[in-house]
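These are the residues of each chain, in order.
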Amino acid sequence: MEALFAITVGMLTACSVFLILRGRSFPIVVGITMLSYAVNLFLFSTGRLVIEGAPIIGNTKPIADPLPQALVLTAIVIGFAMTAYAVILAVRARGEIGSDEVNDLDHSDAEGQR
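Bear in mind that the values here come from a model prediction, so they are computed numbers and not experimental data.

1. Observations concerning the UniProt feature "transmembrane region" (unreviewed entry) in the chain
Thought 1: Using the residue numbers shown here, the UniProt feature "transmembrane region" (unreviewed entry) corresponds to residues 6-21, 28-51 and 71-91.
Thought 2: Within residues 6-21, the helical portion is 94% and the strand portion 0%, while the C-alpha atoms at the span's ends are 23 Å from each other.
Thought 3: End C-alpha to end C-alpha, residues 71-91 measures 30 Å, and it is 100% helix and 0% strand.

2. Details of the side chain of Ser 16
Thought 1: Checked against the element boundaries, Ser 16 lands in helix H1 (residues 2-20).
Thought 2: The residues contacting Ser 16, other than those within four sequence positions of it, are Gly 31, Met 34 and Leu 35.

3. What to know about the confidence of the model for the chain
Thought 1: When pLDDT is averaged across the chain, the result is 82; 81% of the residues are at 70 or more.
Thought 2: When mean pLDDT is taken per element in the chain, H1 scores highest with 93 and helix H4 (residues 107-113) scores lowest with 53.

4. Details of helix H2 (residues 25-45)
Thought 1: Taking 1.5 Å per residue, 21 residues should reach 30 Å; H2 reaches 30 Å between its end C-alpha atoms and fits that length.
Thought 2: Each element contacted by the buried residues of H2 is listed here: H1 and helix H3 (66-97).

5. Describing the nonpolar core
Thought 1: In this structure, Phe 5, Val 9, Leu 12, Leu 19, Met 34 and Ala 38 together form the largest nonpolar core, which totals six residues.
Thought 2: Put simply, the parts of the chain that give this core at least two residues each are H1 and H2.
Thought 3: If one sorts the elements of this core by residue count, H1 sits on top with four residues.
Thought 4: Those residues in contact with Val 9 that lie beyond four places of it in its chain are Ala 38, Leu 41 and Phe 42.

About the cut-offs
- Residues numbered from 1 in each chain as written.
- Predicted model: local features only at pLDDT ≥ 70, side-chain atom pairs only at ≥ 80, totals over all residues.
- Heavy atoms only, no water.
- UniProt positions renumbered as here; feature names shortened; annotations may be inferred.
- Helix = DSSP H or I, 4+ residues; strand = E, 2+ residues; numbered from the N terminus.
- Contact = heavy atoms within 4.5 Å.
- pLDDT = per-residue confidence, 0-100.
- Expected span 1.5 Å × (residues − 1).
- Core = buried A, V, L, I, M, F, W, Y, C linked by side-chain atoms within 4.5 Å.
- Buried < 20%, exposed > 50% of the residue type's maximum accessible area, 1.4 Å probe, protein only.

Pasting the structure below:
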């Protein structure tokens with residue numbers, strides 16, 4: 001199970017880096033979101049991958065650390081808000097400039113060449 005988990009985190013990271021290196025704003029937003037999912041899975045795995053483990057010390061079952069679970073839950077909420085903000089920012093930039101290229105010409109240069 002740990003190998004599958006590690007492969008999943010690695011594939012999410014690789015795909016997100018590929019999308020972040022693209023020249024358009026929407027794939028960059030999707031890549032950053034995927035990277036946050038990979039980091040959340042990594043943080044979640046630091047609390048031990050225990051099936052049917054109790055998050056309370058004192059049972060005879062193996063325990064899972066509840067702190068990474070709380071951190072991931074908080075990171076999911078913050079990540080959702082930041083993704084929504086980045087999408088709105090990308091849509092607004094596309095409306096203002098007329099292109100979603102990240103490394104496009106300056107706005108003043110683009111207006112002069114049209």
